[in-house]
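Observations on chain architecture
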Amino acid sequence: MADLGIPDKNAVIYNDVHVDITQEEWALMDPSQRNLYKDVMLETFMNLTAIGYNWEDLEVEEHCQSSQKYGRHERTHTGEKPYECHQCGKAFARHSYLQGHERTHTKEKPYECNQCGKAFALHSTLQLHERTHTGEKPYEYNQCGKAFAQNGTLHVHKRTHTGLKPYECHQCDKAFARCSDLLRHGRTHTGEK
């Protein structure tokens, strides 16, 4: 009935569930307190959405995203990795990275391609795979017009134009444009196949 000017009885506005923290308060919090705050706020929004609440204040998503981005960005400067794998002890700056890593232990692959059935541990890997079916190549190099499905492949291609070879063998000083080429070369020194 919201279109008749009567608000939806299930509508929740941002201020109904948001715990406002000033920048000064935020600065006084240690990293675990900041993470707890962000996790609780995000979980609150997700839980309310899951039980059917409608968000009338569109700033909710923006706030969650900016709060998360700020925390992630801050960790790039501090090197903080608060999310630790209980199986091997490896630590991560983002919870989603930990979740993806944990799947290396469980071998879980919950993201399946609708076209060929191939399964992946990460949603982002599925998205990249789907481009093999669609032929989508969103990363184009303006110097030569060649396009690529992955940003990393574009960066490697640029090196064919610049001649940059950042991967150097410490045994013979040969240099390579791709890390995989250096690894392959390294086997010539070890005798490994």
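The structure reproduced in this document is the subject of the present report. These numbers come from a predicted model, not from an experiment. (Residues numbered from 1 in each chain as written. Predicted model: local features only at pLDDT ≥ 70, side-chain atom pairs only at ≥ 80, totals over all residues. Heavy atoms only, no water.)

Here's the deal with the overall build of the protein chain
- Counting its secondary structure elements, the protein chain contains 8 helices and 10 strands.
- Counting the 193 residues in the protein chain, one finds 22% classified as buried.
- Taking all contacts inside the protein chain whose residues are at least 6 apart in sequence as the whole, residues at least 24 apart take part in 20%.
- Surface accessibility of the protein chain: about 14,200 Å² in total, with carbon and sulfur atoms responsible for 50%. (Helix = DSSP H or I, 4+ residues; strand = E, 2+ residues; numbered from the N terminus. Buried < 20%, exposed > 50% of the residue type's maximum accessible area, 1.4 Å probe, protein only. Contact = heavy atoms within 4.5 Å. Areas by Shrake-Rupley, 256 points an atom, 1.4 Å probe, with all protein chains shown as cover.)

Considering helix 8 (residues 179-190)
- Taking 1.5 Å of rise per residue, the 12 residues of helix 8 would be expected to cover 16 Å, and the 17 Å separating its terminal C-alpha atoms lies within 8% of that figure.
- Residues Asp181, Leu182 and His185 constitute the buried set of helix 8. Down the axis of helix 8, the sector holding all buried residues measures 95 degrees, keeping them to one side. What points out from helix 8, more than 90 degrees from its buried face, is the exposed set Leu183 and Thr190.
- Remark: Gly191 follows helix 8 within two positions and exhibits a positive phi of approximately 85 degrees. (Expected span 1.5 Å × (residues − 1). Arc of directions from axis to C-beta.)

A closer look at helix 7 (residues 151-162)
- When the terminal C-alpha atoms of helix 7 are compared, their 17 Å separation across 12 residues agrees well with the 16 Å that a helix rising 1.5 Å per residue should span.
- Residues Leu154, His157 and Arg159 constitute the buried set of helix 7.
- For helix 7, the elements touching its buried residues are strand 7 (139-140), strand 8 (147-148) and strand 9 (167-168).
- Residue Gly163 follows helix 7 closely and has a positive phi angle near 80 degrees.

Topic: the pattern of salt bridges
- For the structure shown, the criterion picks out 4 salt bridges.
- Measuring nitrogen to oxygen at the nearest pair gives 3.8 Å for the salt bridge that ties Arg103 to Glu108.
- Arg131 serves as the salt-bridge partner of Glu136, at 3.6 Å between the closest nitrogen and oxygen.
- Looking at Arg131, the relative accessible area reads 17%, which means it is buried. (Salt bridge = Lys/Arg side-chain N within 4 Å of Asp/Glu carboxyl O.)

A word on unusual backbone geometry
- For Lys107, which is not a glycine, the phi torsion comes out positive at approximately 65 degrees.
- Inspection of the secondary structure assignment puts Lys107 in the loop between helix 5 (95-106) and strand 5 (111-112).
- The class for Lys107 is exposed, based on a relative accessible area of 64%.
- A positive phi angle is found at Asp173, which is not glycine, with a value near 65 degrees.
- Summarising the element assignment, Asp173 is placed in the loop between strand 9 and strand 10 (175-176).

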